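Next come the chains, spelled out residue by residue.
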Amino acid sequence: MARRTVGLALTIPILALFGAAFLVIGPGIDAVPTQSPSSGGETVIVTVFPLILAAFDPIVWISIGNSLAVAAAVALVSLVVGVAFGEVLGRRSAPGEAAWPSLVLGPAVIAPGFLCLGLIGVLGDPGFADRPGRFSWSWLLWAWSAVVPGVALVAWAVRSLRRTLDPALEDAARLAGAGPLRAWWNASWPLIRPIAGGVAGFLFTATLADPGPALILNLRRTIAFQLVVSARGRSPFPRSAALGLLILAMATAGLLLFRLWGRASRATPPRGEGTPPLRREPRGLLKACLIGILLASWCCLAWAPVAGLLILFTDGIRDVGPASMLSRSTVAILGRSCGLAFLLAAVSALASPSSPRMHDAPDSKRPGRRRTSLLGGIPSLVIGIGVLSIARVASMAAVWADRSGGRSVVGSVLGGVSWLLDPAAVPGLLVVIGGCADMLRRGRDADVDPGGSSSDGTSRAHQAEVAGAGRGRANRLARAGSARSASRIALLSTIGATSISPAILLATLPESQPLGPAVLVLAGLPGGDRFRAAALALIAVAACLLALAWAAWPGPRSRVSTHEHLIG
């Protein structure tokens, strides 16, 4: 499937979101008060009143302000700490350096909602977060759970880009009289800044509308909590669609700001033949020990939530026994998650862009750059409410077709589409559609590495044909060495099957909930169900870490930076 087709499939939920926000069903001009809805007395009305009502709601603006503050803080802290760790892991020597990348970069695939649950296991329940005049630790726990994977993503991006940079750039600055920090600032930072700014923009949009920490920590004054409550109410539209548009506007503005800041530098990495060798700088024992202590301290902070999940699980097993883990509901949740993962893997394999052809030439005018779109920065929660809006727009189109006269067939078809996309009518269908849309959003722009090797597939195809292979075999060899491999598909499908959003909006019935929403439901129930939530979260964390290890395993077929599989 071509990239344009994938982009069109991602645009449909956004267009439906606009329709659900500005279109309402109201009484027609010829309607009378006693007329029933089925007698043709309803029509579709275009209005901006729901959006204005949501925009001037003080609770909504307080929630947006809180979410914007936490999202900006998470993005900035992740940017600063992640760049430092990426540089340390990319070229500095430290004691036990073979294990540091796994410990520092591993949390990149762990959902912040699962980390929040683990922090509750370590520190205890912080309590209600909306009491006036009292500070709640819930906000710091949310920031902690979001910074841990954010730092890992930024560090992974910087470390991957560091491998493509020539050490002679900083050597030239040092020979010109600059110190180590100034040489890095003038020679390396202009090349690191674009990719770091892009990852920080993704972290901003992801944290702004992340429902996991808000629901687990009961942060009601967040925009994600407000949207989830509105979307799962008895009358979700048009208020939930209006809230989705507000989130989309804030996320797009933040993403553009971070990208513009990152692209302020016009420098591009020099393109050469192959990757320059990494140079390990010699350093004294004291400095190496300080780096090791710094990395060890961060790893303790990063993996403490996972230890909290283990504490919750072992305490629950001790109280209720291990037999409760093998209940029918738990097995059903795991079965639905596995089925969703296989479906997402199949869609990812079908939607992978075709391999580079022999006539595809690299872009020589703008080396080291690639086209990116704003679709990769759409929050998953907005995609979920957009998928829900498709059924709403289809039902309103059916009403309009019935009132137009002579279009009963069109109205029946649209009514059937609206019924098919009803979460209560066909449980699980919307979860698959939303998961596919979110996975395509992640994988749409993950086919080119930040080092500027977008023509690797074309070069491999040219080399294979020069060696005597036919065009078909040359293209197959290029595809085998590209990023569209089984490990990439496994990573995307595993993250999609275990993610909390957008499934939290689309799985309204217990028999359609995959692993992510089930963890939130079990974590909020009183009694001994929290240990089951911790057990499911541990299973999700283990699956994501295994998929990440497979995708990051060095080999001749690995030609793309793994962090791009995670952020899109």
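Every value quoted in this text rests on a predicted model; they were computed, and no experiment measured them.

Enquirer: Hey, could you run me through the confidence of the model for the chain in this one?
Expert: As a note on interpretation, predicted positions should not be read in detail where pLDDT is low. A residue-level look at the chain finds 73% of positions with pLDDT of 70 or above and a mean pLDDT of 78. Mean pLDDT across the secondary structure elements of the chain bottoms out at helix 23 (residues 563-567), with 51, and peaks at helix 10 (residues 223-231), with 93. Contacts from residues 446-457, a stretch scored under 50 in pLDDT, to residues over four places away or in other chains number 32 contacts.

Enquirer: Would you take a moment to explain the pattern of salt bridges for this structure?
Expert: Note on pairing: side chains with opposite charge can pair once their charged atoms come close. Applying the stated criterion to the full structure yields three salt bridges. A salt bridge links Asp 57 to Arg 239, with the nearest nitrogen and oxygen atoms 3.3 Å apart. Here the residue Asp 57 occupies a position in the loop between helix 2 (49-55) and helix 3 (58-91), and Arg 239 occupies one in helix 11 (residues 239-262), the gap between them amounting to 182 residues. You can call Arg 239 partly exposed: its relative accessible area is 30%.

Enquirer: What should I look at first to understand the side chain of Thr 207 in this one?
Expert: In this fold, Thr 207 is placed in helix 8 (residues 180-208). Residue Thr 207 is classed as buried on the basis of its relative accessible area, which comes to 6%. A polar atom in the side chain of Thr 207 sits 2.8 Å from the backbone oxygen of Leu 203. Those residues within four positions of Thr 207 in sequence are excluded, and the remaining contacts are Val 70, Ala 71, Val 74, Trp 142 and Ala 146.

Enquirer: I keep staring at the environment of Ser 102 and nothing clicks. Help me out?
Expert: By secondary structure assignment, the location of Ser 102 is in helix 4 (residues 100-105). Ser 102 sits 197 residues away from Cys 299 along the chain, and the two C-alpha atoms are 10.0 Å apart.

Enquirer: It is not clear to me how empty space enclosed by the protein should be interpreted in this structure. Could you clarify?
Expert: To find the voids left in a structure, one rolls a probe of water-molecule size over its atoms. Taken as a whole and assessed by the stated rule, the structure comprises four cavities of 30 Å³ or more. One number sums up the size of the largest cavity: a volume of about 580 Å³. For the largest cavity, the lining is made up of 35 residues, of which Ala 111, Pro 112, Ala 206, Asp 210 and Arg 442 are closest to its centre. For the lining of the largest cavity, the secondary structure elements donating two or more residues are helix 5 (112-123), helix 6 (138-162), helix 8, helix 14 (380-404), helix 16 (429-443), helix 19 (486-498) and helix 22 (530-552). Per-class residue counts for the lining of the largest cavity are 23 nonpolar, nine polar and three charged.

Enquirer: Is there a simple way to explain the packing of aromatic side chains in this structure?
Expert: Think of a pair of aromatic rings as described by two things: how far the centres are apart, and how the planes are tilted against each other in angle. Tallying each qualifying case throughout the model produces eight aromatic pairs. Relative to Phe 22, the ring of Phe 18 has its centre 6.5 Å away and its plane inclined at 20 degrees; by these criteria the two rings are stacked. Pair noted here: Phe 18 and Phe 22 are both in helix 1 (residues 3-22), with a separation of four residues, about one helical turn. What makes Phe 18 partly exposed here is its relative accessible area of 38%. On the numbers, 5.8 Å between centres and 55 degrees between planes, the contact of Phe 85 with Trp 298 is tilted.

Enquirer: Please clarify how the packing of helix 3 against helix 12 (residues 285-320) should be interpreted in this entry.
Expert: A pair of packed helices is captured by two measures, namely the crossing angle of their axes and the spacing between those axes. Following both chains from N to C, one finds helix 3 and helix 12 inclined at 125 degrees, their axes separated by 12 Å at the closest point. Of the possible angle classes, the one that applies to helix 3 and helix 12 is oblique. Crossing of helix 3 over helix 12 shows left-handed handedness. On helix 12, the residues touching Phe 85, Val 88 and Leu 89 of helix 3 are Ile 291, Leu 294, Leu 295 and Trp 298. Its residues assigned to classes, the contact of helix 3 with helix 12 comprises seven nonpolar, no polar and no charged.

Enquirer: Please explain the packing of helix 12 against helix 22 as it appears in this structure.
Expert: Relative orientation of the contacting elements helix 12 and helix 22 amounts to 135 degrees, with a least axis distance of 8 Å. Taken as axis vectors, helix 12 and helix 22 run oblique relative to one another. Crossing angle aside, the handedness with which helix 12 passes helix 22 is left-handed. Here Trp 303, Val 306, Leu 309, Leu 310, Leu 312, Phe 313, Gly 316, Ile 317 and Val 320 of helix 12 come into contact with helix 22, specifically with Arg 530, Phe 531, Ala 534, Ala 535, Ala 537, Leu 538 and Leu 545. The class makeup of the residues in the contact of helix 12 with helix 22 is 14 nonpolar, one polar and one charged.

Conventions we followed
Residues numbered from 1 in each chain as written. Predicted model: local features only at pLDDT ≥ 70, side-chain atom pairs only at ≥ 80, totals over all residues. Heavy atoms only, no water. pLDDT = per-residue confidence, 0-100. Helix = DSSP H or I, 4+ residues; strand = E, 2+ residues; numbered from the N terminus. Contact = heavy atoms within 4.5 Å. Salt bridge = Lys/Arg side-chain N within 4 Å of Asp/Glu carboxyl O. Buried < 20%, exposed > 50% of the residue type's maximum accessible area, 1.4 Å probe, protein only. Polar contact = N/O pair within 3.5 Å; in protein donor to acceptor, adjacent residues only side chain to side chain. 1 Å grid on protein atoms, 1.4 Å probe; cavity = no way out; pocket = protein on both sides within 12 Å on 5 of 7 lines; lining within 4 Å. Points joined across faces, edges and corners; volume = space filled by probe spheres on them. Nonpolar A, V, L, I, M, F, W, Y, C, P; charged D, E, K, R; others polar. Phe/Tyr/Trp six-rings, centres within 6.5 Å; stacked < 30°, edge-to-face > 60°. Axes fitted to C-alpha atoms, helices over the stretch in contact; angles between N-to-C directions. Parallel < 35°, antiparallel > 145°, perpendicular 65-115°, else oblique. Left-handed = near helix turned anticlockwise from the far one by under 90°.

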